[in-house]
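Overview (structure and organization)
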Amino acid sequence: MPMYQPEIETMSQEQIRKLQSERLVKQVRHVYDNVPYYRAKMEEKGITPEDIHGVEDLHKLPFLTKSDLRDAYPYGLLATPLQDCVRIQSTSGTTGRRVVAFYTQHDVDLWEDCCARAIMAAGGTAEDVVHVSYGYGLFTGGAGLHGGSHKVGSLTLPMSSGNTDRQIQFMCDLGSTILCCTPSYAAFLAESVLERGLKDQIKLKAGIFGAEAWSEEMRQDIQNKLGIKAYDIYGLTELSGPGVSYECSEQKGMHICEDHFIAEIIDPDTGEVLPDGTKGELVFTSITKEAFPLLRYRTRDICVLDRTPCSCGRTHVRMAKPMGRSDDMLIIRGVNVFPSQIEEVLLKVSGENITPNYQIIVGRENNTDTLDINVEMSEQMFSDDIRSVETLEKKIVSQLRSMLGIGAKVHLVNPKTIARSEGKAQRIIDNRKL
Ligand code: DLL
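Here is what the cut-offs are and how they apply
Residues numbered from 1 in each chain as written. Predicted model: local features only at pLDDT ≥ 70, side-chain atom pairs only at ≥ 80, totals over all residues. Heavy atoms only, no water. Helix = DSSP H or I, 4+ residues; strand = E, 2+ residues; numbered from the N terminus. Rg over C-alpha atoms; globule rule 2.2 N^0.38 Å. Buried < 20%, exposed > 50% of the residue type's maximum accessible area, 1.4 Å probe, protein only. Contact = heavy atoms within 4.5 Å. Areas by Shrake-Rupley, 256 points an atom, 1.4 Å probe, with all protein chains shown as cover. Lys, Arg positive; Asp, Glu negative; His and termini not counted. Charge placed at Lys NZ, Arg CZ, Asp CG, Glu CD. UniProt positions renumbered as here; feature names shortened; annotations may be inferred. Phe/Tyr/Trp six-rings, centres within 6.5 Å; stacked < 30°, edge-to-face > 60°. Polar contact = N/O pair within 3.5 Å; in protein donor to acceptor, adjacent residues only side chain to side chain. Near = heavy atom within 4 Å. Pairing = 2+ DSSP bridges. Axes fitted to C-alpha atoms, helices over the stretch in contact; angles between N-to-C directions.

Attention shifts here to the overall build of the chain. Of regular secondary structure, the chain possesses twelve helices and 20 strands. For the chain, the C-alpha radius of gyration of 22 Å lies close to 22 Å, the compact-globule estimate for 434 residues. Overall size of the chain, expressed as C-alpha extent along the three principal axes, is 70 × 55 × 40 Å. Out of the 434 residues in the chain, the part that is buried amounts to 57%. In the chain, once contacts between residues fewer than 6 apart in sequence are set aside, the share between residues at least 24 apart is 66%. Total accessible area on the chain stands at roughly 18,300 Å², and carbon and sulfur atoms take up 50% of it. With 49 positive and 60 negative side-chain charges, the chain shows a separation of 2 Å between the mean positions of the two kinds.

It is worth spelling out the UniProt feature "domain: AMP-dependent ligase C-terminal" (unreviewed entry) in the chain at this point. As recorded in UniProt, the feature "domain: AMP-dependent ligase C-terminal" (unreviewed entry) lies at residues 334–432. Overall, residues 334–432 shows 35% helix and 33% strand. The separation of its end C-alpha atoms is 14 Å.

For the rest of this paragraph, the subject is the packing of aromatic side chains. According to the stated counting rule, one finds eight aromatic pairs in the structure shown. With a centroid separation of 5.9 Å and 75° between ring planes, the pair formed by Phe209 and Trp214 is classed as edge-to-face. The exposure class of Phe209 is buried, given its relative accessible area of 0%. For Trp214, a relative accessible area of 3% puts it in the buried group.

Within the element layout of this structure, Asp385 appears in the loop between α11 (379–382) and α12 (386–404). A relative accessible area of 45% places Asp385 in the partly exposed class. For the pair Asp385 and Val100, spaced 285 residues apart in the sequence, the C-alpha separation amounts to 52 Å. Polar contacts involving the side chain of Asp385 include one to the main-chain amide nitrogen of Arg387, which spans 3.0 Å.

A separate point is the side chain of Asp369. Mapping Asp369 onto the fold places it in strand β18 (residues 368–377). Polar contacts involving the side chain of Asp369 include one to the side chain of Arg364, which spans 3.0 Å.

The next subject is the site of the ligand. Neighbouring the ligand are 22 residues, the closest being Asp232, Ile233, Thr237, Asp301 and Arg325. Within the side chain of Asp301, a nitrogen or oxygen atom sits 2.6 Å from an oxygen atom of the ligand. In the environment of the ligand, an oxygen atom lies 2.9 Å from a nitrogen or oxygen atom belonging to the side chain of Lys424. Looking at the shell around the ligand, the elements with two or more residues in it are α6 (140–152) and β7 (229–236). The dominant element in the shell around the ligand, judged by the number of residues it contributes, is β7, at five residues.

Right, let's get into the sheet that holds strand β12 (residues 297–303). Read across the sheet, three strands follow the order β10-β11-β12 without closing on themselves; strand pairing throughout is antiparallel. Every interior strand has two partners, whereas the edge strands, β10 (261–266) and β12, have only one. Between one strand and the next, the sheet's axes are offset by a mean angle of 30°, whatever the strand orientation.

Turning next to the sheet that holds strand β20 (residues 428–430). Strand order in the open sheet made by the four strands is β19-β18-β17-β20, with mixed pairing throughout. The strands lining the two open edges of the sheet, one partner per strand, are β19 (409–413) and β20. On average, each strand axis in the sheet is tilted by 15° relative to the strand beside it, whichever way the strands run. Set on the sheet, α12 makes contact with β17 (354–365), β18 and β19; between it and β19 the angle comes to about 140°.

Laid out in structure tokens, this is it:
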């Protein structure tokens, strides 16, 4: 499949490291000179830009965390005059202060290039109709894929999220070939297309789904229902938005745009840098951003890096599907559980018998954590006798126990009783926090 910027996407690892080193040295100087907040952090560590000669010195720099972003809100990390900025985007977070990120025109351009790489890695060309159902507005999903699609030269359908009937009508009438939205909305759209008996009328060939953790089982489910290839895409507002990394046709991890971002994996407790292949917290340094350049930003996403060659020809390091954010991790009776692991068990054990709609409810009774999982049955299962429902519930409980080591109560609930999501799904209700 053709690449958007093959000369960059296939650079040798040595060339990438050299480019990263040159850009890092410049970026550290830019931040030190223009961001007093970060300069103070460097001074606290006794570091000056003269100490940073290349990627090998990255570990000397202080980390930035989400709480730094909150402290410095709104302008404290801005590295260019506000008049040079042309755009603001913001996170979808619902608690605390939102993160506000700034972009110069150059920053928007590079971000859109990253999204264009992702679209072409999913087989997109100027012939395609790219149906963007990520939310438009402050959220980066809509704007990012929209800009990327323009750069590829595809016909861009700026649908935004919601109004499922209209989404499906346009998909059929205008022959959308690539769908971009969250995986949970893709699952809902897939269900809605099948319900309306319109699978034969859609021309979709690929989907570019991200913004939330989703399992391989969820991928299979969406691929089968829509008859497409589903590609993962990752990113965060603080670094630009979608396109920090993206999957290629191999579907074996997401290539990180290493000419723009240096990735590290650290031990979340000690901050120590871990070798490639070890699971830990993903940390990014943006080396090309002008307005909002974050150095050693702790994402809280738990993940693994893979530097083995990829048969697609791209040389940029791949990151595995993040298991979720460390702050989404549930500690249930002392066991660490990521919601994505529960999703994996549910879909693996139940196959066609359930829909990918579920809700995880955590509580506390008599000082002991409780875990209840509501999962929607498929219409077919719903019409089965009660005994088969009970058998499936027991099977899920036993698999959860053997795979995660925890007991849970599983309730197969009637079809269409769990609220659908048009953006990022809200799957966890943790009543212990109330
Ligand atoms: O979610 C940007 C985005 C939009 C990515 C569209 C992909 C597609 P934020 O709202 O700032 O930005 O949320 C960033 O979402 O730190 C991860 O925890 C999570 N996340 C994003 N992509 C993935 C993914 C956008 N593919 C936070 N898999 C990140 C798992 C993801 N988690």
